[in-house]
Every structure is written in structure tokens, then in C-alpha cells.
Amino acid sequence: MVEHRTTYMTDAIGPLPYCPGCGHHFVIKALDKALVNLQLDPKEVVIVTDIGCIGLSDRYFVTNAFHGLHGRSITYGCGLKLARPELTVIVLAGDGGCGIGGAHLLNVARRNIGVTLIVANNFNYGMTGGQHSVTTPVGGVTTTTPWGNVEGPMDLCGTAVAAGAAWVARSTMFEKNLADTMTDAIKQPGFAMLDVWELCTAYYSPRNQLKKKDVDTLLDRYDCKLGVLADNPRPEYSESYREAYKAGSTATRTKTSIEQRFTSKVTKQTGIVIAGNAGQKIKSTATLFAQAAMSAGLAATQKDDYPITVMTGHSLAEIILSPQRIDYTAIETPDHLVLISAEGLERIRSRIGDLPQTSTIYTDENLDVPPTGARVVRLPLAATAAKIGRLSIAVIALGAVLKDTGMFPTEAFATAITMFQGAKIAEVNLKAVEAGASLVHPDETSSAP
Amino acid sequence: MGREFLEGNEAIARGAMKAECDFFAGYPITPASSILHYMLQLAPQIGGVAIQAEDEIASMGLCIAAAMAGRRAMTATSGPGISLYSESVGLAQIGETPMVIVNVQRQGPATGSATKGAEGDIQFTRWVTSGGLPIIALSPATVGESYELTYRAFNLAEQYRSPVFLLTSKEIGVTRESVDLDEIELPPLARRKLVEPGKTYLPHAFEHSKDVPAFSEFGGDHVARFTTSTHDQAGYLTSKPGVVQEMIDHYAAKIDTAADDMALVKEDRQDGAKTVIISYGITSRSAAVAVEQARSRGLKVSSLVLQTLWPTPERAVLSALDGVTRAVVPEMNMGQYLLEIERLAPPGVEVVGVNKMDTALISPAEILQAVEP
Ligand SMILES: Cc1ncc(C[n+]2csc(CCOP(=O)(O)OP(=O)(O)O)c2C)c(N)n1
Ligand code: SF4
Ligand SMILES: [Mg+2]
């Protein structure tokens, strides 16, 4: 039997450090009462505090305490809760913390991570000397609004409700039922926020003659109600996360390893650049080609070049094959340049003129290849793709390259296609390999003009 | 598993899983996003959680808290995200939080070139946060090393209760290579030292400055305390100068005194060489080709490749500098680790940078030019 606790606070480090009359006293006392109401094991409770006067409080509790950076307390609460959903996580933040950490407030509400957020809302930054915050009323005099605040205040509760918070309530330091409301907040399985309006007796109250009765006037002025403002329970995030994973992750890992089954004729590091455009499966075809080379015992690397908007513009893939380890992964002089589209050609045009005799350009017959020292092989790539399949143009081109160079058997390419592609696509691409290979007749390849 | 055709980022995710990483939070950014994608697939398989956070600050907040609740946490981003991680890295330091932070470097500053590589964050990593305390950072050069060093980064994080950076780059992260991960030898998995149940828990207890405090997780056998504020061994706020200095000395000593244990380097020394190339990351691969070409021309040249960048593997660097008159330091930045080599170089050793930031790799020829000007 666990002993009944009459308090969750310790006086070992003295009294709370707050100014006389500071509303934080009331919030902390109410939290202690709420914990007594709930009789939780202190080891199962974490009090997470933000920076600000309110954040000086966690060490007065006998529970776990997590005091982090200004405005980020919600993220720590969420991290603790995601890591250990069984913990009771209570985040104490000021209005300042909710301002700088606004994105976290929106997201914890939206995600419904089961932390309880208690806002000690005193309409200004107490700790740093009474500057205005996101909740300072219009006209409010603060250190940084000496002529009265002209910024409209943010309704924290309304914001949380709009973001989808499962449970939201507002109270004040003077409400008799503050501890009970807090108890209810902590009991919520999902995200719960309690906004507590209070006095900063050092700054905001004296400067704005804000006393107990004026808090009610302020509530009326902004049409802000007390009590529970939203109560829409829905599954807590960790629960939803596990459910979604269980339902979605039926797929088993596909095989990605490649055994050597073929041999290659590649004796030195060989650079291949494939230049096409988006939608031509340049990158994935290059990957298959490299995997095929690996099945012929070669080492391979692949780098891609494409605009950040992936469905338009050029798409280049650079493959290096080598019988040895590949160190330097840039291709300074491509041994084989495969030109599939006009956009691809444009992207690499400036490098074509300097290509030496030892390089070969495999190009679609309709592309206007600039003068070059390289051997040029013109092929009806687009025309063949029109017959076999538009998405297979890169496979056709590489089928031709393989036939022409004999780097490794076209069979290796076909095997990689069968191994890594879905049956339907593979069927088309197997034809494409053959069609590509048949475009090349050893004696007919034209050389540079 | 056999040979696979993997990009560096996937190898990082696989290395993390090998290290039993069961918490990941990250925010999408090229060229690091695919680590988030892989982790979303992999982490739940071992009961872990991977989540796309609302921003990089939240990524760090989630990871730090999860790590303090006993998880093995990792996050990944690129330069712009590291800027947003900055304050939180300090939090992980002062809280002695074990976690791994991956930086897939890209061309900066600012948004720079999202899809282009650079190594511009080397000193940024060293001085990433306020206070200037020592940092641990490992830097892979290949896809295979991305796997290995991610795993080792977890080991260091756990052993030293410290955030550990993995400094890779676009050129490794999103380049595919043929690799067999199973062939890579790994040390045994390290786990943070725990306080025994029943014993009192001081979250930052040490007898000698360099001791790594035993750990107890939030929600575990002890009441735990964590604070961003200057604190004593019990995790209580303090302003006593003596205690404050003691704590600072402790954070520094536990890493600095372990520098030799953390030093991962690859040395290729040639007898009689008067020049050494000191490199790291993707550029070390150009250096390897340069060394080969230099030697094939009859030149004598040594090479030191650093996998640990911070804390500086001083002993290895000093030994590499011993007996040479010239140290060539190629980097895809305007000269950052160069400063470290200059700091260590004895009189009579000329330290020469090979630097560019035009997004292209530094070529072996460019390095050779500096070897033999
Ligand atoms: C990143 C950062 N910016 C600024 C500060 C300085 N700072 C400390 S507390 C605070 C405001 C606290 O106000 P609030 O959250 O309302 O708490 P209160 O002091 O009123 O309880 C600020 C701006 C900080 N600690 N960290
Ligand atoms: S400055 Fe304001 S918020 Fe801070 S303790 Fe004093 S009254 Fe309270
Ligand atoms: Mg405040």
C-alpha cells in the first residue's frame, strides 16, 4: 500500500522565490493540491517547466523535474510522453513561453500528445523585467510598451481550441476551484490546456492598476469565459501512432542484396553519364544498371542531378563502375555519355566539346549534338520507346550501351530488372533491354562527323 | 546481407538501427530528409518512435527529453537546421544527454544550394553553442563509414553521456555506393552506465572531474532531475562559483581526457615523406587518389585521414606532422580544420590549405598541385 501523500512539495530548499502576491504562488499551490487529489507516484510524474519566473518552481516538488529552454517546454513534455506514454507529464509555462513557443502549442494541440499544459498567464514577462507578451491587453503599459500596447492580445485558449486541442479550460488565480480544474486537466488522457490568468505584482499589476476585480473586467472586455471551453476526447497520439503502424507496416523488407552471377569486361574506372529529363526514369534506371554491374562483380557509385522540383526539367545520373574500390566519385571526363532528351543535352552541353576520342556519346537521333572529339552513336531512342513504352527510354539506351561496349552481359541488366522491379514494369523493361541492344550493329555505328 | 547499392543516408539509418536507436525526430531538409524517411520505416520495427517535428528546435527538444527518458535518440538535419539546433545542443551538454546529431552538410551559408555538397560546418560544429565546451564529432568518408560511424557515435554518446555529431555531407549522404554492411567490423554495443536501484541518484555525480555520471531515466527507479540552468551534482540550481567551475571542468574533462580513446584515424605513412596530406570526409577520397598518383610518379607523400574531428585527435596529428616539412589540408570550405593543423604544427612545418566552395568536389589534381607546387 502506497502511503497517502498530503503534499508533493518539499520545503528543503526554502519558500517559493516569488514576489509577494505573485499569482505563481496560487498556481503552484493549486498544482500541489491537484497532485494530492490524484495521489500519483512522484516517480511517475514529471513537472516540466519553461523559462521565466514560473520556471523556478519545479525544484520545490518531489516529483521528477525537467527544466529546459525558453519556449520549448512543450517539446520536452512531448518527448517524455512519446518515450514513456505511461508518465504523467505536466508542463508549466508562462505567457512569454507560449509566445516564443507558439508553434509547439499549435502542434501539441493538433497532435493530441497527452501532456497537460498549465499556463501561468500574467500578461507580461516577469523574469526579464516586465516586457509585453503575446497576451498583454491593448493599452497595457509594460517596459516595452511605455505608451500602451498597440498589439492585439492572443487568446491562448481560443488558439488551442482552433488547433484542435482535446481539452481546454480557463481559470484565474482567484478561482476557488482552481485546484479541481487542474486535477481535471491532469486526468485527461490527451492534450489538455489550462490557462490561468494572474497578477505579476512586480510589474504588470502596479503599472496597470490590475487588481483582483480587474481580472473579471478584463475577461469581460475580451469576452473570455472561465471554465472548460473544449472537451472533445480523441485517441492520444502514442496510441494512434501504434495503431497506424500496426495497420500500415505489413510490407516486409524487399531484398536489396546482390550476388555476383556474371563477369565483366570493365578493367578501369569507367564513368557513365545519362542525361534526360524528369519523367524518363533516369535515376531509377541508372540504379538498376549499377546493380546489374554489381552482379557482374563491379564496384559502383551513383549521383543524381536534378532540379528541386522533381517532376520538371533535366534529370542526370552519373554512374561510376570499377573493378576496384572507387575513391573519387566525380566524373571529370565521361567515358560514355547517354543523351536522351533535349533538356538533358542542355544541362551537359558545355562539357561535350572537350570530350576526347576515347569517349562515346550515345544520343537520340533527333538531338543536335555540338561538335565533339568523341565518337557519336546515333540511335532511334525515342522512336523505339514509342513502340515499347515511353518510360523505358533509359533502359533502351543502356541496353544499347551494353551491347556496344560489352561492359557486362545484357543478361545481368535483365536480371536486375526482374529482381528489383514489379512484374508488370519488368516485363516491358526486359523487352526494352533487347530492343536497345538490337539497335547497335557493331559495324554500322557512325563515328564523329 | 551481401552487397547492396545504398546511399549514405540509408546507411546512417541502418547504423542507427544496429545501435538500437529507438527514438528519432527530424524536420525535412535536403539533403538529410531521407534519414527521416528511413527512420520512420525502421524505428517502429523495434518498438521505437520516429516523428516529423514541427521544426528543428522541436526535433532537438523531443530527442533530448526522450533520451533522458531512456531512449537512444537521433536527429538529422543540414546546415540551416543546425543553426536552429544550436541552443539545444547546449542543453544536451549541460544536461549530459546521450544522443546523436547528424549533419548532412550542404552548401551554405543560409539556404545556399540545397542539393550541393560542402564541408562548411566543421568549426560551426566545434563552436555550435554558447559556452564553448568540447564537442564530439565523427566524419565518415564513405557509405560504409556512414554506417559504422553512426553506430560508433551512439557508443560514444552512451559512454560519455554527451551529444555526438556525425558530420557527413550531401556527397556521401545521397550518393549510392556498392557496399556490404555485414563486412564492417563493429565494437560491442555500449550502453550508458546506470545507477543501481536503491542507491541515491545524483543526476550529475562524479568523484573525479572526468568521470561520466551514472544515469537513471525519467520514469525509472529514481526521481530524476534535468535542468538547463547552472546546477550542482544533484541537478539543483547553484550560483556558488566553486561548484560552477567544478561542473564546467567536469563537462570539459570527461571529453578532453578521452580524446585519445575517441580518436579514429587512418594513417598511411611513407618512409622519408616530407609532405603529409591531412584530410577527412569526402575530400579524403580525393586525397587517396592524389597519394596514389603522387607515389606512382615517384613522389613520397604520407596521408592521415581523420574520422574523429572533435575532440581533435592531437596525438595522431602530431605524429603525422613529425618529420615532415609540409602539411596539405584539402577541405570543401575556405580553410577550417586548417586552423587546427596550424595550431598543432611544430615550427618548420608549412601548412597549406586546398580550399574551394564552388560545390564541386576537390579533385585529386588540385590536391597534387599543393603537394608538388
Ligand atoms: C532564447 C531565450 N530568449 C530570451 C530569454 C530571456 N527570458 C527569460 S524569461 C523570459 C520571459 C518569461 O516570461 P513568461 O514566460 O511570461 O514568464 P514569467 O516570468 O512571466 O513567469 C525571457 C524572454 C531566454 N532565457 N532564452
Ligand atoms: S516578477 Fe512578476 S512573475 Fe516574477 S515573481 Fe515577481 S510578481 Fe511573480
Ligand atoms: Mg508571464
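As the structure is a computational prediction, the values presented were derived from the model and not from experiment. (Residues numbered from 1 in each chain as written. Chains lettered and ligands numbered in written order. Predicted model: local features only at pLDDT ≥ 70, side-chain atom pairs only at ≥ 80, totals over all residues. Heavy atoms only, no water.)

**Brief notes about the packing of helix H10 (residues 282-295) of chain A against helix H13 (residues 393-405) of chain A**
For any two helices packed against each other, the geometry is given by the interaxial angle and the distance between the axes.
All names here are of chain A.
Right, so step 1: In contact at an axis separation of 9 Å, H10 and H13 are set at 35° when each is read in the N-to-C sense. Crossing geometry of H10 relative to H13 is assigned as right-handed. In this structure, H10 contributes Ile-282, Thr-285 and Phe-289 to the contact, and H13 contributes Ala-394, Val-395, Leu-398 and Leu-402.
Right, so step 2: For the contact of H10 with H13, the residue count by class is six nonpolar, one polar and no charged. (Axes fitted to C-alpha atoms, helices over the stretch in contact; angles between N-to-C directions. Helix = DSSP H or I, 4+ residues; strand = E, 2+ residues; numbered from the N terminus. Left-handed = near helix turned anticlockwise from the far one by under 90°. Contact = heavy atoms within 4.5 Å. Nonpolar A, V, L, I, M, F, W, Y, C, P; charged D, E, K, R; others polar.)

**Thoughts on the packing of helix H2 (residues 73-83) of chain A against helix H4 (residues 102-111) of chain A**
All names here are of chain A.
Right, so step 1: One way to put it is that H2 packs onto H4 with a least axis distance of 8 Å and a crossing angle of 35°. Residues Ile-74, Thr-75 and Cys-78 of H2 lie in contact with H4, whose contacting residues are His-104, Leu-105 and Val-108.
Right, so step 2: For the contact of H2 with H4, a count of residues per class yields four nonpolar, two polar and no charged.

**Observations regarding the nonpolar core**
Right, so step 1: Residues Phe-66 of chain A together with Met-39, Met-74 and Leu-321 of chain B are the most contacted members of the largest nonpolar core, which totals 130 residues.
Right, so step 2: Ranked by the residues each element gives to this core, the list is headed by helix H3 (residues 56-68) of chain B, at nine residues.
Right, so step 3: Setting aside its immediate chain neighbours within four residues, Phe-66 of chain A contacts Val-46, Ile-47, Val-48, Thr-49, Tyr-76 and Leu-80 of chain A together with Ile-64, Ala-65, Met-68, Phe-218 and Phe-226 of chain B. (Core = buried A, V, L, I, M, F, W, Y, C linked by side-chain atoms within 4.5 Å. Buried < 20%, exposed > 50% of the residue type's maximum accessible area, 1.4 Å probe, protein only.)

**Concerning the pattern of salt bridges**
Right, so step 1: Taken as a whole, this structure holds 39 salt bridges over all chains when the rule is applied.
Right, so step 2: Glu-171 of chain B is the salt-bridge partner of Lys-303 of chain A, the closest N and O atoms lying 2.6 Å from each other. Taken together, the residues span two chains, with Lys-303 of chain A in strand E11 (residues 299-305) and Glu-171 of chain B in helix H7 (residues 170-173). With respect to burial, Lys-303 of chain A and Glu-171 of chain B carry one shared label: buried. (Salt bridge = Lys/Arg side-chain N within 4 Å of Asp/Glu carboxyl O.)

**Comments concerning the side chain of Ser-146 of chain B**
Residues and elements named next belong to chain B.
Right, so step 1: Mapped onto the secondary structure, Ser-146 falls in helix H6 (residues 143-160).
Right, so step 2: Engagement of the side chain of Ser-146 in a polar contact is seen with the backbone oxygen of Thr-142, the distance being 2.9 Å.
Right, so step 3: Filtering out sequence-adjacent residues up to four positions away, Ser-146 remains in contact with Gly-8, Ala-11, Ile-12, Pro-140, Leu-166 and Ile-172. (Polar contact = N/O pair within 3.5 Å; in protein donor to acceptor, adjacent residues only side chain to side chain.)

**Some thoughts on H6 of chain B**
Residue and element names in this part refer to chain B.
Right, so step 1: Helix length check: H6 (18 residues) gives 26 Å between terminal C-alpha atoms against 26 Å at 1.5 Å per residue, within 8%.
Right, so step 2: Of all 18 residues in H6, 16 are buried, a share of seventy percent or more.
Right, so step 3: Looking at where H6 begins, the residue whose side-chain oxygen comes 3.4 Å from the main-chain nitrogen of Gly-144 is Thr-142.
Right, so step 4: Following H6 by one or two positions, Arg-161 adopts a phi angle in the positive range, close to 45°. (Expected span 1.5 Å × (residues − 1).)

**As for the sheet that holds strand E13 (residues 308-310) of chain B**
Residues and elements named next belong to chain B.
Right, so step 1: Strands sit in the order E3-E2-E4-E5-E7-E6-E13 across an open sheet of seven strands; the sheet is mixed. The sheet is open, and its two edges are formed by strand E3 (49-52) and E13, each paired on a single side. Within the sheet, the average angular offset between the axes of one strand and its neighbour, ignoring direction, is 20°.
Right, so step 2: Relative to strand E4 (residues 73-77), strand E2 (residues 23-26) runs parallel, the two being bridged by two bridges. The residue of E4 that forms the bridge with Phe-24 is Met-74. (Pairing = 2+ DSSP bridges.)

**Section: the interface of chain B and chain A**
Often, the extent of an interface is quoted as the loss of accessible area upon association of its parts.
Right, so step 1: Taken together, the contacts link 67 residues of chain B with 56 residues of chain A.
Right, so step 2: It is Arg-3, Phe-5 and Glu-54 of chain B that lose the most area in chain B upon contact with chain A, and together they represent 14% of the buried surface on that side.
Right, so step 3: Across the chain B-chain A interface, the total number found is five salt bridges.
Right, so step 4: Across the pair Arg-111 of chain A and Glu-54 of chain B runs a salt bridge, and its minimum N-O distance is 2.7 Å.
Right, so step 5: Among the elements that line the side of chain B that touches chain A, the one with the most residues is H3 of chain B, at eight residues. (Buried area = accessible area lost by both parts, 1.4 Å probe.)

**Considering the packing of aromatic side chains**
Right, so step 1: According to the stated counting rule, one finds eleven aromatic pairs over all chains in the structure shown.
Right, so step 2: Their ring planes at 90° and their centres at 5.4 Å tell us that Phe-123 of chain A and Trp-197 of chain A sit as a pair that is edge-to-face. Of this pair, Phe-123 of chain A sits in the loop between strand E4 (116-121) and strand E5 (124-125) while Trp-197 of chain A sits in strand E8 (residues 192-197), placing them 74 residues apart in sequence. As far as the burial class goes, Phe-123 of chain A and Trp-197 of chain A line up, both buried.
Right, so step 3: Taken together through their ring pairs, the aromatic side chains of Phe-66 and Tyr-76 of chain A together with Phe-218 and Phe-226 of chain B make up a single cluster.
Right, so step 4: Its guanidinium or amino end placed over the ring of Trp-127 of chain B, Arg-126 of chain B lies 3.8 Å from that ring's centre, counting from NZ or CZ.
Right, so step 5: Here the guanidinium or amino end of Arg-225 of chain B rests over the ring plane of Tyr-236 of chain B, the centre of that ring lying 4.0 Å away. (Phe/Tyr/Trp six-rings, centres within 6.5 Å; stacked < 30°, edge-to-face > 60°. Lys NZ or Arg CZ within 6 Å of the ring centre and 35° of its normal.)

**A look at the pairing of strand E1 (residues 4-7) of chain B**
Regular strands place side chains that alternate from one sheet face to the opposite one.
Residue and element names in this part refer to chain B.
Right, so step 1: Of the two faces of E1, both are covered, the one formed by Glu-4 and Leu-6 as well as the one formed by Phe-5 and Glu-7.
Right, so step 2: Note that E1 and strand E8 (residues 176-179) share four bridges and pair antiparallel. By the bridge assignment for E8, Glu-7 is matched with Arg-176.

**Remarks on the domain arrangement of chain B**
Residues and elements named next belong to chain B.
Right, so step 1: Split into domains, chain B comes out as domain 1 (4-183) and domain 2 (266-371).
Right, so step 2: Centre-to-centre separation of domain 1 and domain 2, based on C-alpha positions: 26 Å.
Right, so step 3: If you look at the interface, domain 1 gives 29 residues, while domain 2 gives 22 residues.
Right, so step 4: Summed over both sides, the interface of domain 1 with domain 2 buries roughly 2100 Å², with 53% coming from carbon and sulfur.
Right, so step 5: It is Glu-119, Ile-122 and Gln-123 in domain 1 that bury the most area against domain 2; as a group they hold 30% of the surface buried on that side.
Right, so step 6: Our enumeration of links across domain 1 and domain 2 arrives at two salt bridges.
Right, so step 7: Of the charged contacts, one joins Glu-145 and Lys-266 as a salt bridge, the two residues approaching to 2.6 Å between their closest N and O atoms.
Right, so step 8: Remark: the boundary between domain 1 and domain 2 carries 16 residue pairs in polar contact (both at pLDDT 80 or more).
Right, so step 9: Elements with a contribution of two residues or more to the side of domain 1 that touches domain 2: helix H5 (122-126), strand E6 (136-138), H6, strand E7 (163-169) and H7. (Domains from an automatic or database assignment.)

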